[in-house]
Amino acid sequence: MKKRNFLILLLLSGLWPVIGVSAQDVWKITAGQIEPSSYYGITVANGMLGLVSSPEPLKISRVVLGGLYDIYGKGRVNNFLHGINMLDTELQINGSTVTASRISGYKQTLDMRQGVFCGEFDYQSLARVEYQYTSLRHLPYSCLLRVRIIPKEDIEVAVANILTVHESLRNPQESFNRIFNGKTAIDFCTSIAKSPTRELEIGACSSFVFDDSFPRPEVCHRSARGVGVHTQEFTVRLQAGQPYTFSIIGTTLSSATHVDVKNEVERLTAFAAVEGVERLWSKHIAAWDQLWESDIVIEGDLQSQQDIHSMLYHTYAFVREGSGLSCSPMGLSGFGYNGHVFWDADTWIFPALLLLHPELAESMIEYRYQRLDAARHNAFMHGYKGAMYPWESSEMGNEDNTVTNMYGPFENHITGDVAMAAWQYYAVTQDVEWLRQKGFSILSAAAEYWVSRSESNEAGEYEIRNVIGADEWNQNRQGGKNVNNNAYTNGVAKSTLEAACKAARLLNVKSDPMWTTVAEKLCFRKLANGVTAEHDTYDGAITKQADVCLLAFPLKLITDKEQIRKDLEYYLQTVPRKKTPAMSKSIYSILFTRLGDRERAWHYFRDSYLPNLNPPFRVIAEFDGGTNPYFLTGAGGVLQSVLMGFGGLDITDKGIVAGKGAIPDTWKSLTLKGIGKEKKNYIIK
């Protein structure tokens with residue numbers, strides 16, 4: 001069967017589900033049919049605070065505060081903490097509560113250009129309601145909700161802002177306070193609670209901000225809604241045809257970053273209230289305008305453009321400049337993988353962000369630098385030298401992998417992933433001073449680790465034994481045993497050692513001669529057919545994801561096109577369609593682009609995310625049928641397939657190099673805007 005016919009058959013057979021047949025807008029995703037049983041919320045976030053949408057009007061389903069962990073729940077390890085919900089709003093119109101079952105014309109929209117979630121609906125024949133909320137991009141701990149009510153008849157509206165402490169938090173305390181800014185009252189509705197271990201304190205505060213064109217209503221406080229739930233409320237009478245607007249400012253933070261939680265959460269709420277809604281909104285929009293100066297523009301394919309904008313939006317929304325935080329596979333969209341930081345951050349999300357916004361990527365590598373001492377101690381505990389980064393990392397940088405599996409001690413490629421991200425950051429920024437002060441510390445410590453982790457054999461080679469590779473299924477196939485000389489682990493170790501040597505020469509500092517010796521003599525096995533072996537005992541069994549193929553990209557250790565093709569074609573046959581992570585297919589797309597096979601590059605680009613989309617906002621799950629979105633790791637892989645596959649960009653020791661891009665037949669052009677420190681533009685026709 002010809003390849004083109006094969007691809008058409010895939011489409012016709014329904015293997016790629018259609019979630020929203022056509023793009024409504026390249027900047028907006030609108031849900032017109034909201035079905036709670038198949039609803040996957042979309043997130044607005046500012047790199048610190050994530051708010052996940054609900055199918056119910058004027059509600060938030062989850063609040064996620066970046067970097068906030070405590071030991072509770074599964075695994076006896078640090079997990080992301082649930083935040084305090086401070087934006088939920090309830091409307092009663094003429095005494096009846098507004099719920100999803102009582103409204104019509106309900107639409108929800110994610111505005112990716114401005115980082116805003118919008119909702120609109122009609123309540124019977126009485127009123128039209130429109131609302132918007134966002135995590136304010138310029139204020140890391142604050143959010144804003146704006147509500148506009150357009151009466152169709154004379155009505156009475158009762159408004160309740162509901163603060164809810166999640167049931168996992170302890171000792172909830174509530175308060176209501178009023179201060180004055182001149183003659184203007186500012187009301188604080190505040191909740192404080194303890195983390196499950198009671199080691200941390202979390203606080204949230206909200207305040208109404210009213211439109212000056214109407215008399216300010218009296219706000220009252222009620223605490224009769226249950227444990228950890230209280231409200232601030234007001235009532236207004238509205239005339240038909242006369243729109244009424246009010247806003248709610250919310251702030252949340254914790255003792256992980258603030259000593260005086262209650263006072264500071266109220267201070268920041270007061271600050272935002274005095275700034276005023278229009279100033280808050282304009283500064284928020286300006287911050288997103290600046291982010292979108294770096295963009296990927298596709299001409300000729302509206303749906304691909306909308307999807308790429310969604311991936312860019314989530315990448316920007318889940319990382320914050322200057323925060324010193326990295327991101328979990330699900331970013332700030334929820335609590336998947338306990339909110340831990342994996343190789344997903346360094347290998348899959350970081351490179352695309354580095355090309356587009358080096359200042360955002362710097363926060364991710366700063367996270368690793370600040371936990372270098374913990375990685376050194378981890379190596380010491382395991383009998384190694386240098387730094388051994390944990391497979392799962394949270395606040396302190398110690399191992400947060402659960403004891404019930406063995407990834408933590410043995411999925412050691414993570415140390416190479418961190419080191420290569422550090423070298424990539426230098427390569428793109430060419431910041432020698434950063435390399436001297438921070439980057440070389442990571443690279444040299446990782447190189448020390450790989451020297452101590454490797455073992456010489458009788459043939460004079462160096463081996464890395466007893467590991468779990470990037471293809472984690474290999475352990476299960478070996479009857480629970482680890483493997484020796486996993487291709488990707490050895491590859492990223494070799495790349496780390498070579499980068500450490502290059503950094504030492506740049507900085508004119510002495511390097512350990514063993515870095516070069518081990519790098520040159522690390523062994524890579526071949527199968528009888530000449531294919532690079534995944535590990536010493538690999539026998540052709542199914543694989544979870546790309547492992548060997550990563551030697552060609554991103555490591556670029558295999559450069560011979562025939563070897564790349566041979567490895568690629570072989571391992572493509574070993575990856576099952578279902579329940580495999582999205583990232584591998586992005587690598588296949590990049591490699592096929594570089595091999596000149598545009599048709600298959602296009603196929604794997606689409607296959608890397610289309611089967612994983614969930615309604616109603618096309619949110620990406622980890623695999624086909626997955627229910628734990630948003631999977632930022634997958635988005636990072638797809639963005640790399642555009643930037644470094646179709647777009648032809650490459651990260652080299654001398655910086656960003658533009659190779660020969662090759663775009664799909666369905667695209668008229670591809671423009672990569674604002675790339676690197678110089679914010680260059682690249683156009684591929």
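Thresholds applied
Residues numbered from 1 in each chain as written. Predicted model: local features only at pLDDT ≥ 70, side-chain atom pairs only at ≥ 80, totals over all residues. Heavy atoms only, no water. Disulfide = S-S within 2.5 Å. Helix = DSSP H or I, 4+ residues; strand = E, 2+ residues; numbered from the N terminus. Buried < 20%, exposed > 50% of the residue type's maximum accessible area, 1.4 Å probe, protein only. Contact = heavy atoms within 4.5 Å. Salt bridge = Lys/Arg side-chain N within 4 Å of Asp/Glu carboxyl O. Pairing = 2+ DSSP bridges. Axes fitted to C-alpha atoms, helices over the stretch in contact; angles between N-to-C directions. Parallel < 35°, antiparallel > 145°, perpendicular 65-115°, else oblique. Left-handed = near helix turned anticlockwise from the far one by under 90°. Nonpolar A, V, L, I, M, F, W, Y, C, P; charged D, E, K, R; others polar.

Enquirer: Please clarify how the state of the cysteines should be interpreted in this entry.
Expert: Here a disulfide denotes one covalent bond, and it connects the sulfur atoms of two cysteines. A full pass over the atoms with the stated rule returns 0 disulfides. With no disulfide of its own, C118 lies closest to C143 among cysteine sulfurs, the gap being 15 Å. Note on C143: no disulfide assigned, nearest cysteine sulfur contributed by C205 at a separation of 11 Å.

Enquirer: Help me out: how do you make sense of the environment of F631 in this one?
Expert: Relative to the helices and strands, F631 is located in the loop between β23 (619–620) and α17 (632–646). Residue class for F631 comes out buried when judged on its relative accessible area of 0%. Sequence-distant contacts of F631, defined by excluding residues within four places in its chain, comprise P329, M330, D344, A582, M583, I620, A621 and E622.

Enquirer: How do you make sense of the side chain of S584 when you look at a structure like this?
Expert: Considering the arrangement of structural elements, one finds S584 in helix α15 (residues 583–594). Residue classification places S584 among the buried positions, given a relative accessible area of 3%.

Enquirer: Got a minute to help me understand the pattern of salt bridges in this structure?
Expert: Opposite charge on two side chains allows them to pair when their charged atoms are near. Counting across every chain of the model gives 34 salt bridges. With a shortest N-O distance of 2.9 Å, D289 and R113 are connected by a salt bridge. One end of the pair, D289, is in helix α3 (residues 277–291); the other, R113, is in the loop between β8 (103–111) and β9 (116–123), with 176 residues separating them in the sequence. Under the relative-accessibility criterion, R113 is labelled partly exposed at 27%. Of the charged contacts in the structure, one is a salt bridge between E498 and K494, with a shortest N-O distance of 3.4 Å. Here K494 and E498 lie together in helix α12 (residues 487–507), a separation of 4 residues that amounts to about one turn.

Enquirer: When you look at the pairing of strand β3 (residues 49–53) in this model, what are you seeing that I'm missing?
Expert: In terms of burial, β3 is a largely internal element, 5 of the 5 residues being buried. Residues of β3 alternate between two faces, with L49, L51 and S53 on one and G50 and V52 on the opposite face, all of them buried. Bridging between strand β2 (residues 43–45) and β3 involves 3 bridges; their strand directions are antiparallel. Note on β3: the bridge partner recorded for A45 is G50. The loop that links β2 with its antiparallel partner β3 comprises 3 residues; one of these, G47, has a positive phi angle of about 85 degrees. Where β3 lies against strand β4 (residues 60–71), 5 bridges are found, and the strand directions are antiparallel. In the strand pairing of β4, L49 is matched with L65.

Enquirer: Just checking my understanding: could you explain the packing of helix α4 (residues 302–317) against α17 for this structure?
Expert: In a packed pair of helices, the relevant descriptors are the angle between the two axes and the axis-to-axis distance. Across the interface, α4 lies against α17 with an axial gap of 9 Å and an inter-helix angle of 120 degrees. On the basis of the axis angle, α4 is oblique to α17. As for how α4 packs across α17, the hand of that crossing is left-handed. Only L632, A635, V638, L639 and V642 of α17 make contact with α4, whose side of the interface consists of I308, M311, L312, H314 and T315. In the contact of α4 with α17, the residues fall into 8 nonpolar, 2 polar and no charged.

Enquirer: Just to check I follow, could you spell out the sheet that holds β9 for this structure?
Expert: The strands that make up a sheet are held in pairs by hydrogen bonds between backbone atoms, and each pair lies either parallel or antiparallel. The antiparallel open sheet is built from 9 strands, whose spatial order is β1-β8-β9-β10-β11-β18-β15-β14-β13. The sheet terminates laterally at β1 (28–31) and β13 (170–181), the two strands that pair on one side only. Across this sheet, the average inter-strand angle for adjacent strands is 15 degrees, counted without regard to direction. The pairing of β9 with strand β10 (residues 127–135) spans 7 bridges and is classified as antiparallel. Bridge pairing in β10 links C118 to Q132.

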